[in-house]
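# Survey of secondary and tertiary structure
Read off the chains here:
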Amino acid sequence: MIYFEDLQPGQRFLSPTHTLSEAEIIAFARQFDPQPFHIDPAAAKDSFFNGLAASGWHTSSLSMRLVEGSALGQAANGLIGMQIDQMLWPQPTRPGDTLQVEVEVLDKRRSGSQPGFGVVKVRWQTRNQRGETAMQLECAIWLQCRDSQVPTAD
């Protein structure tokens with residue numbers, strides 16, 4: 001388990017990878033973002049994206065899944081997001097792209113109102129196999145402190 005005390009600014013966590021198929025991109029978009037450039041490869045060729053592109057929400061959701069598979073996914077109380085300060089999609093995600101997320105700890109502070117918890121500011125950077133950034137965000141997560149654990153009876 002990872003607790004508030006275990007994290008330090010500058011610390012980085014690397015996720016596993018996932019390669020997106022055209023079928024995954026279309027299935028997600030049909031359900032959550034059914035715009036032609038996400039669901040129709042032929043129509044997507046004549047769009048701003050010049051080809052099928054995953055929804056930014058798909059890239060973000062997949063990034064969450066990948067982070068959960070990293071060591072940071074072992075957070076004592078789970079990865080509880082408090083806010084997102086910035087979210088950018090500078091490069092579209094395409095069929096066949098292999099994504100990986102790197103999370104960097106930027107800052108941390110103990111909670112003043114909930115002494116058993118702390119707030120950790122992190123930056124996520126999702127990159128494809130070419131090292132291009134597909135998604136970036138900064139957010140605050142709520143993390144349990146080790147010293148807040150209640151001893152269990154034997």
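Parameters and conventions
- Along every chain, residues carry numbers that run from 1 in the direction the sequence is written.
- Whole-chain, interface and lining totals are the exception, using all residues; otherwise, since this is a predicted model, local features are given only for residues with pLDDT of at least 70 and side-chain atom pairs are given and counted only at 80 or more.
- Computation of side-chain values covers all heavy atoms of the structure but excludes hydrogens and water.
- UniProt positions are given in the numbering used here, feature names are shortened, and annotations may be inferred rather than shown by experiment.
- Here a strand is any run of E in DSSP of at least two residues, a helix any run of H or I of at least four, and the numbering for each starts at the N terminus.
- Remark: nonpolar core denotes a set of buried residues (Ala, Val, Leu, Ile, Met, Phe, Trp, Tyr, Cys) joined through side-chain atoms within 4.5 Å.
- Burial classes: relative accessible area under 20% of the type maximum marks a residue as buried, over 50% as exposed, and values in between as partly exposed (1.4 Å probe, protein chains only).
- Any two residues having at least one pair of non-hydrogen atoms within 4.5 Å are treated as being in contact.
- Here a strand pair is declared whenever DSSP counts at least two bridges between the two strands.
- Helix axes are fitted only over the stretch in contact, all axes being lines through C-alpha atoms; the angle between N-to-C directions runs from 0 to 180 degrees.

In the annotation of an unreviewed UniProt entry, the chain is listed under the name MaoC family dehydratase and assigned to Chromobacterium subtsugae.

### Digging into the UniProt feature "domain: MaoC-like" (unreviewed entry) in the chain
Within the UniProt annotation, "domain: MaoC-like" (unreviewed entry) is assigned to residues 9-119. Taken end to end, residues 9-119 is 30% helix and 30% strand, and its two terminal C-alpha atoms sit 12 Å from one another.

### Focus on the nonpolar core
Among the nonpolar cores identified, the biggest contains 31 residues, and Leu7, Val103, Val120 and Trp124 are the most heavily contacted of them. Elements that contribute at least two residues to this core include exactly helix H1 (22-32), helix H4 (56-68), strand S3 (98-110), strand S4 (117-127) and strand S5 (133-144). If one sorts the elements of this core by residue count, S5 sits on top with six residues. Leucine 7 has contacts with Ile2, Phe13, Leu72, Val105, Lys108, Val120 and Leu143, leaving out every residue within four places of it along the chain.

### Here's the deal with the sheet that holds strand S1 (residues 12-19)
By way of backbone hydrogen bonds, the strands of a sheet pair with one another, either parallel or antiparallel. The strand order across the open sheet built from five strands is S1-S3-S4-S5-S2, with neighbouring strands paired in antiparallel fashion. At either end of the open sheet lies a strand with only one pairing partner, and these are S1 and strand S2 (80-88). Going across the sheet, the axis of each strand differs from the next one's by a mean of 20°, ignoring polarity. The pairing of S4 with S5 spans eleven bridges and is classified as antiparallel. Bridging from a neighbouring strand, glutamine 125 pairs with glutamine 136 of S5. The sheet strands contacting H4 are S1, S2, S3, S4 and S5, and the helix crosses S3 at an angle near 70°.

### A short note on unusual backbone geometry
Positive phi is not limited to glycine here, since asparagine 50 has a value of about 55°. Relative to the elements of secondary structure, asparagine 50 occurs in the loop between helix H3 (41-45) and H4. With a relative accessible area of 61%, asparagine 50 lands in the exposed category.

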